[in-house]
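Topology and contacts: notes
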Amino acid sequence: MTEEPRRETWPLWEVFVRSARGLSHVHAGSLHAPDAELAVRNARDLYTRRSEGVSIWVVPAAAITASDPDAKDAWFESPRGKDFRHATYYTASQAVPHL
Amino acid sequence: MPAEEPPTTASQEAARLAAFDSLIAADQRIEPTDWMPPAYRKALVRQMSQHAHSEIIGMQPEGNWITRAPSLKRKAILMAKVQDEAGHGLYLYSAAETLGTTRDEMLDALHSGKAKYSSIFNYLAPSWADMGSIGWLVDGAAIANQVPLCRASYGPYGRAMVRICKEESFHQRQGFEILLALMNGTDEQQAMAQESVNRWYAPALMMFGPPDAESPNSRQSMAWKIKRFSNDELRQRFVDMIVPQAEILGITLPDPDLRWNEERGHHDFGELDWAEFHAVLHGNGQANALRLAKRRAAHAEGEWVREAARAYAERTATSERMAS
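From N to C terminus, chain A includes 2 helices and 3 strands. Along the chain direction, N to C, the helices and strands of chain A fall in the order β-β-α-β-α. Residues classed as buried in chain A amount to 23% of the 99 residues present. For chain A, contacts bridging at least 24 residues in sequence account for 41% of all contacts bridging at least 6. About 7600 Å² of surface is accessible on chain A, with carbon and sulfur atoms providing 56% of the total.

Following this line, the structure appears as structure tokens:
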């Protein structure tokens with residue numbers, strides 16, 4: 001794996017689609033495009049052929065910063081053992097109406 | 001490709017493999033950033049890129065019929081279907097790229113003839129009824145194959161398949177309706193439909209791949225939960241589905257050994273010509289050379305468009321930088 005990094009003709013973009021007003025943009029997939037404008041157009045053709053969306057975001061894949069996949073256990077450790085953050089932890093009040 | 005990993009000790013290696021195996025055993029999904037055995041990665045790249053290539057090459061038999069389809073409605077339907085196939089190819093290429101291969105590498109492998117695609121597309125589609133048979137039988141077999149892949153252990157593959165399966169269901173129905181229209185037509189139209197089904201039936205059954213006994217890759221793929229059912233299981237399921245459909249069409253499936261087996265609760269069907277399957281797979285089908293030549297030409301003819309768009313994007317980015 002010492003060879004030159006391979007260069008794609010066009011960069012990769014991640015596509016997020018809002019399916020209806022009032023909902024979040026959700027990751028739909030990715031595509032290649034030379035620039036943002038064509039990425040949006042390609043995303044429309046590729047991910048909304050059956051009116052799946054009312055709004056599209058495109059983000060250069062290279063611009064996304066992700067949490068370290070190898071550190072996921074340590075990184076996401078803190079909520080464990082903190083059941084008291086969930087309503088279901090509180091059982092004594094279970095039978096009380098509107099609570 | 002993923003960044004070069006620091007050398008690992010044998011015990012670290014064993015721990016990674018154990019973590020992977022337990023995810024598979026728990027029916028969890030493997031995601032791009034997870035460690036995975038190199039053989040798993042390789043098998044996925046091979047299967048997913050072949051699958052993508054099949055969608056892209058699969059645009060050709062129907063693309064050829066768009067101008068000749070018998071009505072404006074049929075032309076519009078065919079265009080939508082070919083556009084879906086392009087889309088399905090692109091979903092699958094993107095999913096395969098999450099494994100570290102590049103789009104350009106996959107296309108090079110297709111264009112050089114190194115990569116395979118489904119051998120069904122190396123049969124010619126000379127009659128309008130073939131658009132019906134391709135939709136009903138070829139897309140039908142593809143759907144039977146693809147529905148279980150929605151649960152493939154590799155997350156991006158499964159997600160791409162969910163999207164594909166949702167869109168694919170219209171493909172089979174429109175094919176069935178083309179045949180139904182012909183079967184409700186003149187004697188000549190009925191004969192055209194029957195003649196077409198006669199040609200596509202056996203190749204469609206062979207789309208599920210060689211018999212289980214001759215398919216060693218498929219055992220490993222099932223152990224990894226990429227595939228969920230064996231080739232023979234899926235083939236049987238498909239035959240059981242199309243027999244009653246053929247009755248509704250009033251079409252005869254060209255297999256003298258096809259009959260209901262009460263004991264098994266399935267249809268028995270005749271031996272398939274695996275010599276033909278392998279011959280087509282290895283380049284000796286009706287249209288191998290034609291399909292590949294057309295794909296290469298399309299890619300070469302698009303080169304200046306891709307290059308112009310890239311150059312425009314570069315220049316716009318530069319002038320924006322200078323303006324700010």
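On we go.
Moving on, we come to the sheet that holds strand β2 (residues 25–32) of chain A. Residues and elements named next belong to chain A. Taken in spatial order, the 3 strands of this open sheet run β2-β1-β3, and their pairing is antiparallel. The sheet is open, and its two borders are formed by β2 and β3 (55–60), each paired with just one other strand. When strand polarity is set aside, the average angle formed by the axes of neighbouring strands in this sheet is 25°. As paired elements, strand β1 (residues 12–18) and β3 share 6 bridges and run antiparallel to each other. Opposite F16, over in β3, you have W57 as the bridge partner. The sheet contacts of helix α1 (residues 36–47) involve β1, β2 and β3, and relative to β2 the element is tilted by about 110°.

Below, the discussion takes up empty space enclosed by the protein. Residue and element names in this part refer to chain B. Counted according to the given criterion, the structure contains 1 cavity of 30 Å³ or more. The computed volume of the largest cavity comes to approximately 50 Å³. S118, S119, I120, Y123, P203, M206, M207 and F277 together form the lining of the largest cavity. Among the residues forming the lining of the largest cavity, the class breakdown is 6 nonpolar, 2 polar and no charged.

Considering all chains together, one arrives at 0 disulfides over all chains under this definition. Unpaired in this structure, C150(B) has its nearest cysteine sulfur neighbour in C165(B), at a distance of 3.5 Å.

Ranked by size, the top nonpolar core spans 88 residues in total, and within it L31(A), Y40(B), W136(B), Y154(B), Y157(B) and L253(B) carry the most contacts. Those residues in contact with Y154(B) that lie beyond four places of it in its chain are I30(B), E31(B), P32(B), M36(B), Y40(B), L44(B), M48(B), A95(B), T98(B) and L99(B).

Here chain B averages 94 in pLDDT, and 98% of its residues register 70 or above. Overall fold confidence (pTM) sits at 0.90, and the ipTM for the predicted complex is 0.84.

Between its first and last C-alpha, helix α2 (residues 38–57) of chain B extends 28 Å over 20 residues, near the 28 Å set by a 1.5 Å rise per residue. Burial runs high along α2(B): 14 of the 20 residues are buried.

What follows concerns the interface of chain A and chain B. Contacts between the two partners involve 21 residues from chain A and, on the opposite side, 26 residues from chain B. For the pair chain A and chain B, the summed buried surface comes to about 2100 Å²; carbon and sulfur atoms form 48% of the total. Counting across the interface, chain A meets chain B through 4 salt bridges. The closest approach of N and O atoms between R49(A) and D84(B), which form a salt bridge, is 2.8 Å. Our enumeration of links across chain A and chain B arrives at 9 residue pairs in polar contact (both at pLDDT 80 or more). Contributing elements (two or more residues each) for the side of chain A that touches chain B: β2 and α1 of chain A. If one sorts the elements of the side of chain A that touches chain B by residue count, β2(A) sits on top with 4 residues. Grouping the amino acids of the side of chain A that touches chain B by side-chain chemistry returns 10 nonpolar, 3 polar and 8 charged.

Moving on, we come to the packing of aromatic side chains. Residues and elements named next belong to chain B. Going through the model one piece at a time under the given rule, you end up with 11 aromatic pairs over all chains. With a centroid separation of 6.2 Å and 75° between ring planes, the pair formed by W136 and F176 is classed as edge-to-face. With W136 in helix α6 (residues 129–146) and F176 in helix α7 (residues 155–183), this pair connects stretches of sequence that are 40 residues apart. Each member of the pair, W136 together with F176, is buried. Measuring from centroid to centroid gives 5.5 Å for F208 and F238, while their planes differ by 50°, and the two rings are tilted. Here F208, found in the loop between α8 (187–206) and α9 (216–223), pairs with F238, found in helix α10 (residues 231–249); they are 30 residues apart in sequence, far enough to count as distant. Residue classification places F208 among the buried residues on the basis of a relative accessible area of 4%.

Definitions and limits used
Residues numbered from 1 in each chain as written. Chains lettered and ligands numbered in written order. Predicted model: local features only at pLDDT ≥ 70, side-chain atom pairs only at ≥ 80, totals over all residues. Heavy atoms only, no water. Helix = DSSP H or I, 4+ residues; strand = E, 2+ residues; numbered from the N terminus. Buried < 20%, exposed > 50% of the residue type's maximum accessible area, 1.4 Å probe, protein only. Contact = heavy atoms within 4.5 Å. Areas by Shrake-Rupley, 256 points an atom, 1.4 Å probe, with all protein chains shown as cover. Pairing = 2+ DSSP bridges. Axes fitted to C-alpha atoms, helices over the stretch in contact; angles between N-to-C directions. 1 Å grid on protein atoms, 1.4 Å probe; cavity = no way out; pocket = protein on both sides within 12 Å on 5 of 7 lines; lining within 4 Å. Points joined across faces, edges and corners; volume = space filled by probe spheres on them. Nonpolar A, V, L, I, M, F, W, Y, C, P; charged D, E, K, R; others polar. Disulfide = S-S within 2.5 Å. Core = buried A, V, L, I, M, F, W, Y, C linked by side-chain atoms within 4.5 Å. pLDDT = per-residue confidence, 0-100. Expected span 1.5 Å × (residues − 1). Buried area = accessible area lost by both parts, 1.4 Å probe. Salt bridge = Lys/Arg side-chain N within 4 Å of Asp/Glu carboxyl O. Polar contact = N/O pair within 3.5 Å; in protein donor to acceptor, adjacent residues only side chain to side chain. Phe/Tyr/Trp six-rings, centres within 6.5 Å; stacked < 30°, edge-to-face > 60°.

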